[in-house]
Structure formats: structure tokens, C-alpha cells
Amino acid sequence: MPEKLKVNPTRMELKRLKERLKTASRGHKMLKDKSDEMIRRFVIFARENKKLREEVEQELANALQSFLLAKSTSDDFVIQEAVAMAGHEVELDLSTKNVMNVQVPKIEIKEKDVKEKYPYSFISVTSELDSSIATVSELLVKLVKLAEIEKTCNMLAMEIEKNRRRVNALEYVMIPQTQEAIKDITMKLDENERSNTVRLMKVKTIIQK
């Protein structure tokens, strides 16, 4: 039970509290609608995140399997020399986008310097290493997208929690307190009005006598 508000039992205070209740009720509805929409958006991002993560994990497992096969049939120094060569360079364009008034990250990949896909001699390595490197190279875009979506999910989850606290504060504290205060003031004013009526009737009776 929320603590009672300490208010003066006047008509001016009653009017102020009714306006406050009206504003709080309208704000509660808006925040509740916002919360519902944010949860809907979060679910969409979470499903996309789950699907993309499963794809990335599967492709990474395939790349690792190919790499282990290549390593088992080639000398270590040959493998190290091959994977140390950069195939191409990329730039990340970092910005933000608005999702339900939450500024979430937006990451775009730009090819900076495209070189050979396989910057080593095919004679010195096996086809398994080619497959592993090709898979990892193609995974770059998905990994960046996964990082973007996961961060978006985290930020939306935090905003949903903050919004939920605001909704609960209005629903279980502010609105009930205001309603109770309005009820108390109304009862007090009615009681005063009845007392005044009784006094007037007594005065009238005395005058008539």
C-alpha cells in the first residue's frame, strides 16, 4: 500500500490533484504502449540475433575443421606463413540509428584494399586451408552484423527495464496515491459541506423562533 500524500483539503488542491491524475494516467498509457512496442522490436532483433549466431557458429566450426585438416597435413611454419598474409583490408563506418528513441549502433563495412583472396602459393598449402580462409573471410560481414544486433538487443533490454520501472511507479505508487488523496479531500469537503448545512439549518431555526 503506497504511503498517503499529505495535502490540504481544499477545492484548489482537489482540482490540482485531478489534473495530476489525468496527466499521470495519460503518461502511464503512453509508457505502457511504448513498452509493448519496444518488447515487440526486441523480440524481432533477438530472433535475428539467434539465427545469425547459429549461422556464424556453424560456419566457424566448418572453418576450424578445415583448418585442423590442413594443419594435420602441412608443416606448422607453412600454415603460419599463409595465415599471416592479409588478403584485404576493410574500414568500419560507425554511426547510430534511432530505435524507439534509443540510439543503437549502426556499423557498415567498406572494402579498403582488395588484394588476392588467397595471398599465398597454392602449391605450399592444401585445399582445406583455402576453404577455411574463404569461410572466415566471408564471415567478417556476419560477425560485424552480429555484434551490431547483440549490442542493440542489450541497449533495448536496458531501456525496456527502465521503462518498466517508470510504468510500475505510476501504476502502483503515484496513481494510487493521487486517487486516495482525491478521495480523502472529497470526503472532507463533503463533510464540511454537511456541517455547514446543519449550522445554517440551526441558525434558520433560531431566527424563526
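Parameters and conventions
- Residues numbered from 1 in each chain as written.
- Predicted model: local features only at pLDDT ≥ 70, side-chain atom pairs only at ≥ 80, totals over all residues.
- Heavy atoms only, no water.
- Helix = DSSP H or I, 4+ residues; strand = E, 2+ residues; numbered from the N terminus.
- Buried < 20%, exposed > 50% of the residue type's maximum accessible area, 1.4 Å probe, protein only.
- Contact = heavy atoms within 4.5 Å.
- Areas by Shrake-Rupley, 256 points an atom, 1.4 Å probe, with all protein chains shown as cover.
- Core = buried A, V, L, I, M, F, W, Y, C linked by side-chain atoms within 4.5 Å.
- pLDDT = per-residue confidence, 0-100.

Participant: Please give an account of the overall build of the protein chain that cites residues and values.
Facilitator: Scanning the protein chain from N- to C-terminus turns up three helices and two strands. In sequence order, the secondary structure elements of the protein chain are arranged as α-α-β-β-α. Each of the 209 residues in the protein chain was classed as buried or not, and the buried ones make up 26%. Pairs at least 24 apart in sequence give 75% of the contacts found in the protein chain among residues at least 6 apart. A total accessible area of about 14,700 Å² is found for the protein chain, and carbon and sulfur atoms account for 56% of it.

Participant: Go over the nonpolar core, please, and point to the residues and values.
Facilitator: Side chains that are nonpolar tend, in soluble globular proteins, to be buried together. Formed by 13 residues in total, the largest nonpolar core has its most connected members in Met38, Phe45, Val99, Val102, Ile149 and Leu156. Among the elements that line this core, the one with the most residues is helix H3 (residues 127–208), at six residues. Those residues within four positions of valine 102 in sequence are excluded, and the remaining contacts are Met38, Lys97, Met155, Leu156 and Glu159. Ranked by size, the runner-up nonpolar core spans 12 residues in total, among them Val167, Ile175, Ile182 and Leu189.

Participant: Explain unusual backbone geometry residue by residue, including any values.
Facilitator: Of note, the phi angle at methionine 100 is positive, near 55°, even though the residue is not glycine. Of note in this structure, asparagine 101 is not a glycine but carries a positive phi near 65°. By secondary structure assignment, the location of asparagine 101 is in the loop between strand S1 (88–99) and strand S2 (102–114). The class for asparagine 101 is exposed, based on a relative accessible area of 64%.

Participant: Kindly report on the side chain of glutamate 148, identifying the contributing residues and their values.
Facilitator: Along the chain, glutamate 148 falls in helix H3. Classification of glutamate 148 by relative accessible area gives buried; the value is 6%. With sequence-adjacent residues up to four places away left out, glutamate 148 is seen in contact with Lys97, Pro105, Lys106 and Ile107.

Participant: An account of the confidence of the model for the protein chain is needed here, citing residue identities and associated values.
Facilitator: On average, residues of the protein chain score 82 in pLDDT, and 78% of them are at 70 or above. The element-level mean pLDDT for the protein chain is lowest in helix H2 (residues 76–83), coming to 62, with helix H1 (residues 11–73) highest at 89.

Participant: How would you explain the environment of alanine 46 if you had to name every residue and give the values?
Facilitator: Its location among the elements puts alanine 46 in helix H1. It is 9.3 Å that separates the C-alpha atoms of alanine 46 and threonine 152, two residues lying 106 residues apart in sequence.

Participant: Help me get a handle on the side chain of threonine 178, residues and values and all.
Facilitator: Note on placement: threonine 178 falls in helix H3. Using a relative accessible area of 1% as the deciding quantity, one classes threonine 178 as buried. Once you skip the residues sitting within four places of it in the chain, threonine 178 turns out to touch Leu5, Leu17, Arg20 and Leu21.

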